Amino acid sequence: MPPPVDLKLLHPVTGKAARAMVDDMVNGGVAASKEKDAMEVENVFREGGPRKRSGDSEAVEARETRGGDGDQGRELDQVLQWADRGGAYERLLVWAWVAPVCLLAPCAYLNILLMIYLPPHTCALPPPPHSLSHDAWQNLSIPRDDSGKLSSCTMYDFPAALNSSSSSSFSTNQTLQEQTYLAAALAWQQTNQHPPPATLTTECVFGYDFDRTHFQETASTEFGWACGGAVGIQRVLRASMLGNLFGCVVYGALADKVGRRGVFLLLAVKVAVLGSVYVLVRGMWVVLALRFLISMGLPVIYQIVIISALEQVRDERRGMVTSLSSIFFSVGQCLLAPIAWLTGHWVTLSLVTSLPALLALVYIRVIEESPRWLVARGRLQEAAAVLRRVAKMNNLAPTSHDVMARLRMACGHPEEDAPAADRTKCGPLGVLSLVVSYPRLASRTALITVCWTVNLVLYFSTTMKYPYVLENPFVGWFCTSAMEVPANLLVLVLLPRVGRRTLHASVMAVTATALLVDAALLALGYEERHKAVSSLVLAAKFCSSMTFLVTYLQAAELHPTPVRTCATGFASLVALTCNTFSPSIILSMARPWHSYLLLGCIGILGVLSASLLPETAGRPLPQTLEDAENLHKTAPVPHKSGRKKRVEAVVAAATARDNRAAPPLPDNSVVMKVLNQGHLTETII
């Protein structure tokens, strides 16, 4: 849609005359079709645009020409909606890109958690003697812990027991070791009715006997990452976490500099290639290095898809797109459970979840680069080419001149290409410059970073704290993942009714309250496995899933296009860094209720931060740093309001903004012709 008519030219239309015109238009005065209205608006744009008024500065004139408040983002939204009038490209964007990528992304992002799954295990033993069954042999050779279960990491040292020595007398030869152990065990059984004392135990000399009920082989079972060797699991997880941290910075800034689509394709190919090579390496340091490289940018894939989609869909559908993306991400997590169950082997699981990333190459010819990002980089010719292709999908055939004219007008440069705007760098100097030049934007970035950190810590901690864990890892993974789907659906229902800020703060308040009540119950003597305590932890996890989704949406709507990916990457970086302390909160506290109390206080911090953020519902995505700095001055876009309300709002705005005399309309003005034909609504809005 072209830029709206200057509202100051409509000043004479006030009072009863305006009310009568509104009522007449609502009750049927507008007889032309929407297509005819659009053609009339285009005529206004081409022939009868607002005239230059004497006494106004060029800045005020440019601002009025673009629609009133200097909101370049809103004018660009109108151009995007004009090109995608039928919504064909928007549907392709959501259902052919966002949905499948969000469905498959968690498979590549979270597969490492199941690949390194450590099943129940005991010490491996030599073959039992003919006189003993397997169970009797285990009972004889492996001690039991306080709960009565066989020890996972120790076995009786029969040779040392017979020699009355605390040191084992095993030989270095494995066959001789087995023979020596077997003979010593039988000798002990014949001369003693009781097992050796607990002090005469040793680590698992012959390796480990893993339970292979659910997995044929995992990386932990193949490399022996159990007991003392479990440090290998910790190293792999740390390498993955460090990769996520560095990837958020590197690829987030890269997406803002070279484009969303190109970085997305680069990350997808990297995941497919390195994820396949990963199963072939065996050296520990090579495994860690490759895991670091694979994990670099994995969270950014999801962020890029969401940000690029939000930059191209209509304002009123941003909440829906964000909710759908999170729903598909949760469904993808659920999908990982049956995939792991069907494969049963960590090598096959890695290949099945990594190679499909090559399908992203299809998007080279399907998904366009974000026109909003192209405009922000000053590449109007490329943005116009994208909009022309989008318009053709909607059975429109605009000329290059028409598209460029609309883009230049939206950018406030009717006669020339818009300069590249806001080339802010994401390094320390860029951040410092942002804080000095745009203090409101910097404070909002700090607040959304706090919200992101609080959400991640609470989400991760409540997942670890929830005491009910199923023995079947696939069923347990599926159930905890499936619980997020109704949480995301609830966000989809509440967002258009409540708004971002209110929903975020209120749901986070419920999370903090649940955790604080748990702390009180535990302090009163209740156990963590009590139904009341576990139910409140589950409620906290449900709510943290909701607020995490809202945080993603707010992060995209608060930051301008040139630094949107970089800012979300920075927030994710800080959150991931702070989340490394979550295990300490869960495991290192002196008493269980201490950790719940600390988590509840962290939740209160999240409530305060979310309450201080501005409401972004109904406001266009900021296009420049100035738009983001002055976001609080931007009036919300009426959403799902009736025709009468929209016209009344426009007439009221025209009356309120101009209490001074306005020049009369020219007799031959196309604007007067449009008004006389009853097309006020579609021309202005």
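Residues numbered from 1 in each chain as written. Predicted model: local features only at pLDDT ≥ 70, side-chain atom pairs only at ≥ 80, totals over all residues. Heavy atoms only, no water.

Below, the discussion takes up the overall build of the protein. Along the backbone of the protein there are 31 helices and four strands. When burial is assessed residue by residue, the protein has 52% of its 685 residues classed as buried. In the protein, the share of contacts with a sequence separation of at least 24, taken over all contacts with a separation of at least 6, comes to 81%. Total accessible area on the protein stands at roughly 30900 Å², and carbon and sulfur atoms take up 60% of it. (Helix = DSSP H or I, 4+ residues; strand = E, 2+ residues; numbered from the N terminus. Buried < 20%, exposed > 50% of the residue type's maximum accessible area, 1.4 Å probe, protein only. Contact = heavy atoms within 4.5 Å. Areas by Shrake-Rupley, 256 points an atom, 1.4 Å probe, with all protein chains shown as cover.)

The next subject is helix α24 (residues 531-558). For an α-helix, 3.6 residues make a turn, and residues three or four places apart therefore share a direction. Along its 28 residues, α24 runs 40 Å from first to last C-alpha, staying within 8% of the 40 Å computed at 1.5 Å per residue. Most of α24 is tucked away: 21 of the 28 residues are buried. (Expected span 1.5 Å × (residues − 1).)

On to helix α10 (residues 231-258), then. When the terminal C-alpha atoms of α10 are compared, their 39 Å separation across 28 residues agrees well with the 40 Å that a helix rising 1.5 Å per residue should span. Approximately 30° is the largest bend angle found in α10, and it occurs at Gly247. Of the residues trailing α10, Gly259 is marked for its positive phi of about 120°. (Bend = angle between axes of the 7 residues up to and from the residue.)

All right, on to the pattern of salt bridges then. If you walk through the whole model with that rule in mind, you get twelve salt bridges. The residue Arg314 makes a salt bridge to Glu90 at a minimum N-O spacing of 3.4 Å. Taken together, the residues Arg314 in the loop between α13 (298-310) and α14 (318-343) and Glu90 in helix α5 (residues 88-115) connect sequence positions 224 residues apart. Both residues of the pair, Arg314 and Glu90, belong to the buried class. A salt bridge links Arg260 to Glu311; the nearest nitrogen and oxygen atoms lie 2.7 Å apart. Of this pair, Arg260 sits in helix α11 (residues 260-277) while Glu311 sits in the loop between α13 and α14, and the two are 51 residues apart along the sequence. Glu311 shares its class with Arg260; the two are buried. (Salt bridge = Lys/Arg side-chain N within 4 Å of Asp/Glu carboxyl O.)

On to the state of the cysteines, then. Taken as a whole and judged by the stated rule, the model has two disulfides. Between Cys123 and Cys204 runs a disulfide, and the two sulfur atoms are separated by 1.8 Å. One disulfide, between Cys123 and Cys204, carries an S-S torsion of -65° and so falls in the left-handed class. Within this pair, whereas Cys123 is found in strand β1 (residues 121-123), its partner Cys204 is found in the loop between β3 (201-203) and β4 (208-210), the two being separated by 81 residues in sequence. A residue is classified by how much of its surface remains accessible, and Cys123, at 1% relative accessible area, is buried. By relative accessible area, which is 11% here, Cys204 ends up buried. (Disulfide = S-S within 2.5 Å.)

The next subject is the environment of Leu558. In this structure, Leu558 sits in helix α24. When its relative accessible area of 0% is taken as the criterion, Leu558 is described as buried. A sequence separation of 64 residues divides Leu558 from Pro622, and the C-alpha atoms of the two residues are 7.2 Å apart. Setting aside chain neighbours within four positions, we find Leu558 in contact with Leu441, Arg444, Ile448, Leu613, Pro614, Thr616, Pro622, Ala628 and Leu631.

Here the focus is the packing of aromatic side chains. One pass over the structure, following the stated rule, counts 21 aromatic pairs. Consider the rings of Tyr302 and Tyr552, whose centres lie 5.2 Å apart with planes at 85°: the pair is edge-to-face. Of the two residues, Tyr302 is situated in helix α13 and Tyr552 in helix α24; the sequence distance between them amounts to 250 residues. On the accessibility criterion, Tyr302 (9% relative accessible area) is buried. When its relative accessible area of 18% is taken as the criterion, Tyr552 is described as buried. Aromatic rings pair up to connect Tyr302, Phe329, Trp452, Tyr459, Phe548 and Tyr552 into one cluster. Positioned above the aromatic ring of Trp82, the side-chain terminus of Arg406 is 4.0 Å from the ring centre. (Phe/Tyr/Trp six-rings, centres within 6.5 Å; stacked < 30°, edge-to-face > 60°. Lys NZ or Arg CZ within 6 Å of the ring centre and 35° of its normal.)

Turning next to empty space enclosed by the protein. Throughout the structure, instances matching the rule amount to eight cavities of 30 Å³ or more. Its boundaries defined by the atoms lining it, the largest cavity holds a volume of some 130 Å³. Lining the largest cavity are 15 residues, with Leu80, Gln81, Asp84, Gln312 and Val313 sitting closest to its centre. Listing elements by their share of the lining of the largest cavity, those giving two or more residues are α4 (72-83), α5, α16 (371-376) and α17 (380-393). Sorting elements by how many residues they give to the lining of the largest cavity places α4 first, with three residues. When grouped by side-chain class, the residues that make up the lining of the largest cavity number six nonpolar, two polar and seven charged. (1 Å grid on protein atoms, 1.4 Å probe; cavity = no way out; pocket = protein on both sides within 12 Å on 5 of 7 lines; lining within 4 Å. Points joined across faces, edges and corners; volume = space filled by probe spheres on them. Nonpolar A, V, L, I, M, F, W, Y, C, P; charged D, E, K, R; others polar.)

At Cys227, a residue that is not glycine, the phi angle is positive and equals roughly 55°. Residue position: Cys227 is located in the loop between α9 (219-223) and α10. Of note, Asn395 is a non-glycine position whose phi angle comes to about 60°, a positive value. Its location among the elements puts Asn395 in the loop between α17 and α18 (400-410).

Moving on: the side chain of Ser350. Within the fold, Ser350 resides in helix α15 (residues 346-354). Residue Ser350 is classed as buried on the basis of its relative accessible area of 2%. Once you skip the residues sitting within four places of it in the chain, Ser350 turns out to touch Asn111, Met115, Gly275 and Val279.

Moving on, we come to the environment of Ser582. Among the secondary structure elements, Ser582 is positioned in helix α26 (residues 582-587). By relative accessible area, Ser582 is classed as buried at 1%. Distance in space between the C-alpha atoms of Ser582 and Leu599 is 9.6 Å, their sequence separation being 17 residues. Those residues in contact with Ser582 that lie beyond four places of it in its chain are Val457, Phe460 and Ser461.

Residues at a pLDDT of 70 or more form 74% of the protein, whose mean pLDDT is 76. Put simply, helix α31 (residues 680-684) is where the protein has its lowest mean pLDDT, 33, and α15 is where it has its highest, 94. Here residues 418-423 scores under 50 on pLDDT; set against residues more than four positions off or in separate chains, the count is 17 contacts. Note that residues 639-651 has pLDDT below 50 and, in this model, 26 contacts with residues that lie over four places away or in other chains. (pLDDT = per-residue confidence, 0-100.)

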